[in-house]
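Coordinate analysis (summary)
Chain by chain, the residues run as shown.
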Amino acid sequence: MRDRLLAVEKVTAIDWREDALYLLDQRALPSEQTWLAFTDAAAVAEAIRSMVVRGAPAIGISAAYGLVLALRQRLAEGDEWEMALEEDFELLGNARPTAVNLFWALNRMRERLLRIKAGDDVLAVMQAEAVAIHESDREANLTMAQLGVELIRKHQGSEQAILTHGNAGALATGGFGTALGVIRAAYLEGMVERVYVDETRPWLQGSRLTAWELAGAGIPVTVNADSAAAHLMKTKGITWVVVGADRITANGDVVSKIGTYQLAVNAMHHGVRFMVVAPSSSIDLNLGTGEDVLLEERDAGELLALHAAGVEAVNPVFDVTPADLIDVIVTEKGVVERPDTAKMAQLMCRKRLH
């Protein structure tokens, strides 16, 4: 399966070359494929904040590269670079509050910085660490794809319909995707007849990004309004909902794109299995439940462009799906069925499978 996935790899959203970070501007997709170059941490932080790059793993990878850019600048400024670099850690960490991968990647960069030895080329060491973060996410995607396929094979057989929400594909990661990695692999194994994709309002990550990725891979895809999901579960023979996650708390609650919670409720009602696919870097054992997570809200104007004057709006971009609505969580460390606190803790003690 690994070789087959590698053979069909087409999409990437992050590229580090010529001492600069290049990001595919996801705001312009699918009509335009525009790459933007970044050479300083402030610009990378703004790219994360303004949704040039999005998806929890991709945000973390971009922040790691952003710190390398910051380090280059601080080293050129003089001997007080370590103190000055703290400002860049804070700047990048504040870019978006909900996705834990951002803080995981920055903490990993900080830990590597603390292990620098006398005589080391600091910039080369830290650049290598950022590249390692990027490559490890790609490997995690491959492992999760294989684990997820085995679950689909075990529970349902062939030629089934799958529904997904948001974008948890190559655009959101350093590799093939989390949820979409599983879906791609299942399609290669002949187990997927069609993928239904929620539009995922208000940024339309489903209809703009996920549908574009799937169509480009030759996978049969149908876009639907978010509000049609329950109807499709009832009438289209959907067997799995497969989604990604921005953070998973110690008890197995999942923070993901707004609308994921209602999908899980609908899936349970209709007997549709619910799979969350995310790297272990998305798991935050420091937070007991999803109620402890700071959920990002974006500007109301994203919802009000076509509405009458005087109308107010609430625009949460993430919600919490309780663990008891989730059939299985797939990570590169392994699989957790019917997650709870004990099972999540046990998972995090394992080594990566790849």
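Residues numbered from 1 in each chain as written. Predicted model: local features only at pLDDT ≥ 70, side-chain atom pairs only at ≥ 80, totals over all residues. Heavy atoms only, no water.

We now examine the UniProt feature "binding site: substrate" (unreviewed entry) in the protein. In this structure's numbering, the residues bearing the UniProt feature "binding site: substrate" (unreviewed entry) are R54, G55, A56, R96, Q205, S256 and K257. The subset of these annotated residues that lines the largest cavity comprises R54, G55, A56, R96, S256 and K257. Mapped onto the secondary structure, R54 falls in the loop between α2 (41-49) and α3 (56-77). On the accessibility criterion, R54 (4% relative accessible area) is buried. A distance of 2.8 Å separates a polar atom in the side chain of R54 from a polar atom in the side chain of Q26. Summarising the element assignment, S256 is placed in strand β9 (residues 254-257). Given the relative accessible area of 6%, S256 is considered buried. Those residues in contact with S256, other than ones at most four positions away along the chain, are G244, A245, D246, V317, F318 and D319. Separated by 2.9 Å, the side chain of S256 and the backbone oxygen of G244 make a polar contact. (UniProt positions renumbered as here; feature names shortened; annotations may be inferred. 1 Å grid on protein atoms, 1.4 Å probe; cavity = no way out; pocket = protein on both sides within 12 Å on 5 of 7 lines; lining within 4 Å. Helix = DSSP H or I, 4+ residues; strand = E, 2+ residues; numbered from the N terminus. Buried < 20%, exposed > 50% of the residue type's maximum accessible area, 1.4 Å probe, protein only. Polar contact = N/O pair within 3.5 Å; in protein donor to acceptor, adjacent residues only side chain to side chain. Contact = heavy atoms within 4.5 Å.)

Two orientations exist for strands paired in a sheet by backbone hydrogen bonds: parallel and antiparallel. With mixed pairing, the four strands of this open sheet are ordered in space as β11-β8-β9-β12. Edge positions in the open sheet fall to β11 (283-284) and β12 (318-321), since each of these has one partner strand only. Both strand β8 (residues 247-249) and β9 contribute to a ladder of two bridges, which runs antiparallel. Bridging from a neighbouring strand, R247 pairs with V255 of β9. The strands touched by helix α10 (residues 260-270) are β9 and β12; relative to β12, the strand with the most contacts, the crossing angle is about 35 degrees. (Pairing = 2+ DSSP bridges. Axes fitted to C-alpha atoms, helices over the stretch in contact; angles between N-to-C directions.)

Sites flagged by UniProt as "active site" (unreviewed entry) map to D246. On the secondary structure map, D246 appears in the loop between β7 (238-243) and β8. With a relative accessible area of 8%, D246 lands in the buried category. Aside from chain neighbours lying at most four places away, what touches D246 is A56, T98, A99, V100, N101, V255, S256, K257, S282 and F318.

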